[in-house]
Amino acid sequence: MKRTECSSLFLISILFTLALSHPTWAAEKKYPTGPIELFVGFAAGGQADFINRTLARGLEKHMGVTVVPGNKVGGGGIVLASLIASSKPDGYTLGTLSDSVIVATLTGQGTYAMDDLRIVGVVASYENCWITSVDSPWKTIQEFIDYARKNPGVKYAHPGVGSVTHIYTENISRNGKLGLINVPFKGDPEIITAVLGKHVSIGAFAYSSGKIQADAGKARILMCYNGLDPSLPSISKVFGKSVPTFDLVFFLAVAKKTPGDVVKTLEQALVKVTKDPEYANTLRKNNVWPSFVDSKTCNEKTIPEKLSILKSVMGPLGLMKK
Amino acid sequence: MDIFAGILYGFGVSLQHLNLLYCFLGVFVGTLVGVLPGIGPSGAMAILLPLTFGLPPATAIIMLAGIYYGVMYGGSTTSILVNIPGEPSSVVTCLDGYQMAKKGRAGPALGTAAFGSFIGGTFSLIALTFLAIPLAEAALKFGPPEYVALICVSMTLLTYLARGSTVKAVIMILFGLILSCVGLDLVSGMPRFVFGSPSLLDGIGFVPLTMGLFGISEVLKNLQKPSEKFILESRIKNLLPNLQDWRKSIGPITRGSFIGFFLGILPGGGGVLSSFVSYTVEKKLSRNPEAFGQGAIEGVAGPETSNNAGAGGAFVPLLALGIPPNVVMAFLLGALIIHGVAPGPTLIGQHPQIFWGVIASMYLGNIMLLFLNLPLIGLWVKVLKVPYRVLMPLILLFCFIGAYSINNSVSDVIIMIVFGVVGYILRRFDYEEAPLVMAFILGPMLEAAFRQSLIMSDGKFSIFLTRPISAVALVISALLFISSGFSYYRKARSGARSHGSRLGQGQNPGVYSNTQKGGEPISGA
């Protein structure tokens, strides 16, 4: 009996050691070894989803494994951010997040903290713009501003209270002394209808959607927020320093505890993807811009700056967590 | 390119081998997706989208469009056979379609649904071809105040959905309104009834709600009372609608086509609102409204026609203006963009092969669907022969997979189960789910439009009366409300006089809030 006990103990300890050493076996094989899932927090068919799918194709090309784009809709990106924050930190679950995720930590709706996420880098920039119907009385942004200042209470449409667009536009209205009143809608198509049907004076929403209407001659773009389209007036050109600006971006994120070398591999892949002309052309054709900011700069400069601008705007709006 | 040249050109495009093949693939997948509860057209489109990347844009859109209206055909199958709506737009078909199936008339129900869908779909296509551009412009005039008025009209019709007690229907409407409040408030962005759960931030999902209320509760009910048997008709002659069915259905089909198409154009429209309005209109116009809810074929013909007509109508703003009126159309828009086509008013001019090709392919698709669905009726009816102890678990399985597949999220499945239990309890006490579901959809639309209108008017209520469309619709709604109030009052009085002993049972047709034409009260039970 003693011998069988001894040998079974021996066998068990061998198996145990083998089992324990398995993860190190896997780690010796270079990441990535299998398919990666890349999620976006918005529904299929929209601007965010489009960026996500383009990024997935780019990553697949430069990392040599299948990258599967998916949608985790909910709360304007909150559900996805929670998911990434609590996902297994092995670099196989990635998220394409937008600034709405940062906003949610300030309003208190997020069930995660920015610290639970590890930002790998910025992947794309987009623009917001103001559109008005083609037969509205304002032909230039200056005409509109003069009108708004003389007649406080001009209505603008936006995609939802607490959305990045809403917050940014309120920022312009308050600091630029325009006295605009916001009318919330659910999503870009409703805004287009409201603007073209002249139920509101202007609409604030994604440039990629506005350009389509402007090119068709149905609407006029009065202003672009960040000046990414040089043919249109930007906030800084029109308002100077009185209205703070921030970049509108999408960034790639993983769970906080993801090992450093995995993050480094992802970051290097991102550099290659964002420099790839195929990626750039696909985005540009749809009025989105490729851009890249590395992980270190994101964490040390970009995100803290954005947080402070957002706080300064959201405080007076009453949107901050109590 | 004028219209007739365009149509001919479109048929030229759509009859090419590649486009025919993908059209068939689309409608076939759409029918399957429509039959399976849970997974909806957007889910199927998302999965099949990568398939389209190597294809020319017209072909891609032909296939995706095929999925959309194919779903409208297939959704009625499970509604009729097992009282589980395969699609939100088939919820209303459950009311009478299932009753018909229980009486052994599943075949005619399915056949009427198929023919009605075909006629509705074709009608909306013809209207789309000729009226797309002027209609799209007119639809722009519908702003928030007009929506308020339109939904007021719809809400006064809500009580017509009820088979039994009106009081219970009103309770269900209120319950539906409360449920619809869950989520983020539109104007303040503050969460309501969310209880700190991120999965409730976007509200209770419509699909898990209906699948639970109708599907899971049906399974639970059958567990409790397994003795209900289906009468089966196996002779082919009885599998198709007979002449009498046709005579009864012509009116609903015609009206359903118009109602569906025009409601489908409006943002927020599409299949659901169209089917519901058609049902209530048919019930109001019918000579014996108490047959509704017991297996009236008009209750299948009207809604099924209008949900397909609504699908066609939904293409109007998308193709003409680049504005998607509902989620599925938004997906098509995204697909167009991915293929490098900018949708919008320039689509017709710059990409005529897409505009006319897609329209022509929809005609062909509708014909394909009719041929696909009719012969299958015999097959579907045989499903009812499957013993319940096999059928019910299968249904449960499909519901679970379906609910999970919406967002790959377990919380949707949990919501479905919760509402399955709720639905079972409601049924035990003779409460009906249909008014709850419609209130659940209409409530948020009404609230959003109302608050947007007041912001637009700086708080003045007069905005609803100074705008012509909204004023007219509000007057109609008021008239409808008063007229149903009158007939309810008259009914209650005559009911109290002659059927005093039967008032308490909740079955007295005198308690219905509708009446025959001419205002004659319905006598007898």
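In this text, all values refer to a predicted model and were calculated from it rather than measured experimentally.

Quick notes on the rules
- Residues numbered from 1 in each chain as written.
- Chains lettered and ligands numbered in written order.
- Predicted model: local features only at pLDDT ≥ 70, side-chain atom pairs only at ≥ 80, totals over all residues.
- Heavy atoms only, no water.
- Helix = DSSP H or I, 4+ residues; strand = E, 2+ residues; numbered from the N terminus.
- Buried < 20%, exposed > 50% of the residue type's maximum accessible area, 1.4 Å probe, protein only.
- Contact = heavy atoms within 4.5 Å.
- Areas by Shrake-Rupley, 256 points an atom, 1.4 Å probe, with all protein chains shown as cover.
- Lys, Arg positive; Asp, Glu negative; His and termini not counted.
- Charge placed at Lys NZ, Arg CZ, Asp CG, Glu CD.
- Polar contact = N/O pair within 3.5 Å; in protein donor to acceptor, adjacent residues only side chain to side chain.
- Core = buried A, V, L, I, M, F, W, Y, C linked by side-chain atoms within 4.5 Å.
- Phe/Tyr/Trp six-rings, centres within 6.5 Å; stacked < 30°, edge-to-face > 60°.
- Buried area = accessible area lost by both parts, 1.4 Å probe.
- Salt bridge = Lys/Arg side-chain N within 4 Å of Asp/Glu carboxyl O.
- pLDDT = per-residue confidence, 0-100.
- Pairing = 2+ DSSP bridges.
- Axes fitted to C-alpha atoms, helices over the stretch in contact; angles between N-to-C directions.
- Patch = residues over 30% accessible without salt bridge, like charges linked within 9 Å, V, L, I, M, F, W, Y side chains within 5 Å.

Draft legend 1. Broad picture of the overall build of chain A. Scanning chain A from N- to C-terminus turns up 12 helices and 11 strands. Dimensions of chain A along its principal axes, counting C-alpha atoms only, are 95 × 45 × 30 Å. Expressed as a percentage of its 322 residues, the buried residues of chain A come to 55%. Sequence separation of 24 or more characterises 76% of the internal contacts of chain A that already satisfy a separation of 6 or more. By element, 59% of the accessible surface of chain A is carried by carbon and sulfur atoms, the whole surface being about 14,000 Å². Positive and negative side-chain charges of chain A, numbering 36 and 26 respectively, have mean locations separated by a distance of 2 Å.

Draft legend 2. Layout of the side chain of Thr258(A). All names here are of chain A. Residue position: Thr258 is located in the loop between strand E10 (249-255) and helix H10 (260-275). The exposure class assigned to Thr258 is buried, which follows from its relative accessible area of 3%. At a separation of 2.6 Å, a polar atom in the side chain of Thr258 contacts the main-chain carbonyl oxygen of Ala255. Among all residues touching Thr258, those that are not within four sequence positions of it are Pro89, Asp90, Gly91, Arg118 and Val263.

Draft legend 3. Seen up close, the nonpolar core. Counting residues in each nonpolar core, the largest one holds 212 residues, and the members touching the most others are Leu59(A), Trp130(A), Ile172(A) and Phe315(B). Formed by 24 residues, the second largest nonpolar core is a distinct cluster that contains Ile84(B), Leu110(B), Ile377(B) and Ile395(B).

Draft legend 4. Structural detail: the packing of aromatic side chains. Across all of its chains, the model carries 20 aromatic pairs over all chains by this definition. Measuring from ring centre to ring centre gives 5.3 Å for Tyr31(A) and Tyr92(A), while their planes differ by 70°; the resulting arrangement is edge-to-face. One end of the pair, Tyr31(A), is in the loop between helix H1 (2-28) and strand E1 (36-40); the other, Tyr92(A), is in the loop between helix H3 (78-85) and strand E3 (93-98), and 61 residues separate them in sequence. A single burial state applies to Tyr31(A) and to Tyr92(A), both of which are buried. With a centroid separation of 6.3 Å and 85° between ring planes, the pair formed by Phe123(B) and Phe261(B) is classed as edge-to-face. Residue Phe123(B) is found in helix H6 (residues 106-140), and its partner Phe261(B) is found in helix H10 (residues 243-265); the two are separated by 138 residues along the sequence. A residue is classified by how much of its surface remains accessible, and Phe123(B), at 24% relative accessible area, is partly exposed. A relative accessible area of 0% places Phe261(B) in the buried class. Among the aromatic residues, ring-to-ring pairing joins Trp130(A), Trp138(A), Phe144(A), Tyr147(A), Tyr168(A), Tyr225(A) and Phe246(A) into one connected group.

Draft legend 5. Spotlight on the interface of chain B and chain A. Between chain B and chain A, the contact holds 41 residues from the first and 35 residues from the second. Summing both sides of the interface, chain B and chain A together bury roughly 3,200 Å²; the carbon and sulfur share of this comes to 64%. Summed over the shared surface of chain B and chain A, the number is 1 salt bridge. Residue Lys155(A) pairs with Asp458(B) through a salt bridge whose shortest N-O separation is 3.0 Å. Where chain B meets chain A, there are 4 residue pairs in polar contact (both at pLDDT 80 or more).

Draft legend 6. Fine view of unusual backbone geometry. Across the junction of Tyr31(A) and Pro32(A), the peptide omega takes the value -5°, indicating a cis bond. Inspection of the secondary structure assignment puts Pro32(A) in the loop between H1 and E1. Phi at Lys198(A) is positive, roughly 60°, even though this residue is not glycine. Here Lys198(A) lies in the loop between helix H7 (188-196) and strand E8 (202-206). In the Ramachandran plot, Asp430(B) falls in the positive-phi region, its phi being about 65° despite a non-glycine side chain.

Draft legend 7. Highlighting the confidence of the model for chain B. Residue and element names in this part refer to chain B. Counting all residues, the mean pLDDT for chain B is 78, and 85% of those residues have values of 70 or more. When pLDDT is averaged over each element of chain B, helix H17 (residues 410-428) comes out on top at 90 and helix H14 (residues 347-350) at the bottom at 69. When the criterion is pLDDT under 50, residues 500-525 qualifies, and its contacts beyond four places in sequence or with other chains add up to 46 contacts.

Draft legend 8. View of the sheet that holds strand E4 (residues 117-125) of chain A. All names here are of chain A. Spatially, the 6 strands line up as an open sheet ordered E2-E1-E3-E10-E4-E11, and their pairing is mixed. Here the strands that pair on one side only, and so sit at the sheet edges, are strand E2 (67-71) and strand E11 (289-294). For this sheet, the mean angle separating the axes of adjacent strands, direction not counted, is 30°. Where E3 and E10 come together, 4 bridges link them in antiparallel fashion. Bridging across to E10, Thr96 finds its partner in Leu252.

Draft legend 9. Spatial organisation of the environment of Val120(A). Residue and element names in this part refer to chain A. By secondary structure assignment, the location of Val120 is in strand E4. Val120 gets classed as buried once you look at its relative accessible area, which sits at 0%. Expressed as a C-alpha distance, the spacing of Val120 and Gly76, which sit 44 residues apart in the sequence, is 21 Å. In this structure Val120 touches Leu252, Ala253, Val254, Val263, Leu266, Glu267, Leu270, Asp294 and Ser295, once residues within four positions along its chain are discounted.

Draft legend 10. Molecular detail of the pattern of salt bridges. Residues and elements named next belong to chain B. All told, the structure shown has 17 salt bridges over all chains when counted by the stated rule. Put simply, Arg192 and Asp185 hold a salt bridge, and the shortest N to O gap is 3.2 Å. On the basis of relative accessible area, Arg192 is assigned to the partly exposed category, the value being 22%. Accessibility expressed as a relative area gives 6% for Asp185, which makes it buried. Residue Arg451 is joined to Glu447 by a salt bridge in which the shortest nitrogen-to-oxygen separation is 3.0 Å. With a gap of 4 residues between them, Arg451 and Glu447 both fall in helix H18 (residues 433-456), about one helical turn apart. Exposure remark for Glu447: the relative accessible area of 27% places this residue in the partly exposed category. Counted as one network, the salt bridges with shared partners bring together Asp185, Arg192, Glu447 and Arg451.

Draft legend 11. Up close: a nonpolar patch on the surface. All names here are of chain B. A surface patch of nonpolar side chains, about 480 Å² in accessible area, is lined by Leu36, Val390, Leu394, Leu397, Phe398 and Ile401. Positionally, Leu397 belongs in helix H16 (residues 388-407). Owing to a relative accessible area of 45%, Leu397 belongs among the partly exposed residues under this scheme.

Draft legend 12. Spatial organisation of the confidence of the model for chain A. Here chain A averages 85 in pLDDT, and 93% of its residues register 70 or above. Mean pLDDT across the elements of chain A bottoms out in H1(A) (63) and peaks in strand E6 (residues 155-158) of chain A (93).

Draft legend 13. Representation of the side chain of Ser180(B) within the structure. Residues and elements named next belong to chain B. Tracing the backbone shows Ser180 in helix H8 (residues 166-180). Here Ser180 falls in the buried class, since its relative accessible area comes to 14%. From its side chain, Ser180 meets the backbone oxygen of Leu177 in a polar contact 2.7 Å long. Residues within four places of Ser180 in sequence aside, it is in contact with Phe440, Gly443 and Pro444.

Draft legend 14. Structural view of the sheet that holds E8(A). Residue and element names in this part refer to chain A. Strand order in the open sheet made by the 5 strands is E7-E6-E8-E5-E9, with mixed pairing throughout. Both edges of this open sheet fall to strand E7 (181-184) and strand E9 (219-224), since each of them pairs with a single strand only. With strand direction ignored, the average angle separating the axes of adjacent strands in the sheet is 30°. Bridge analysis of E6 against E8 gives 2 bridges, and the strand direction is parallel. From the neighbouring strand, Ala157 faces E8, where its bridge partner is Gly203.

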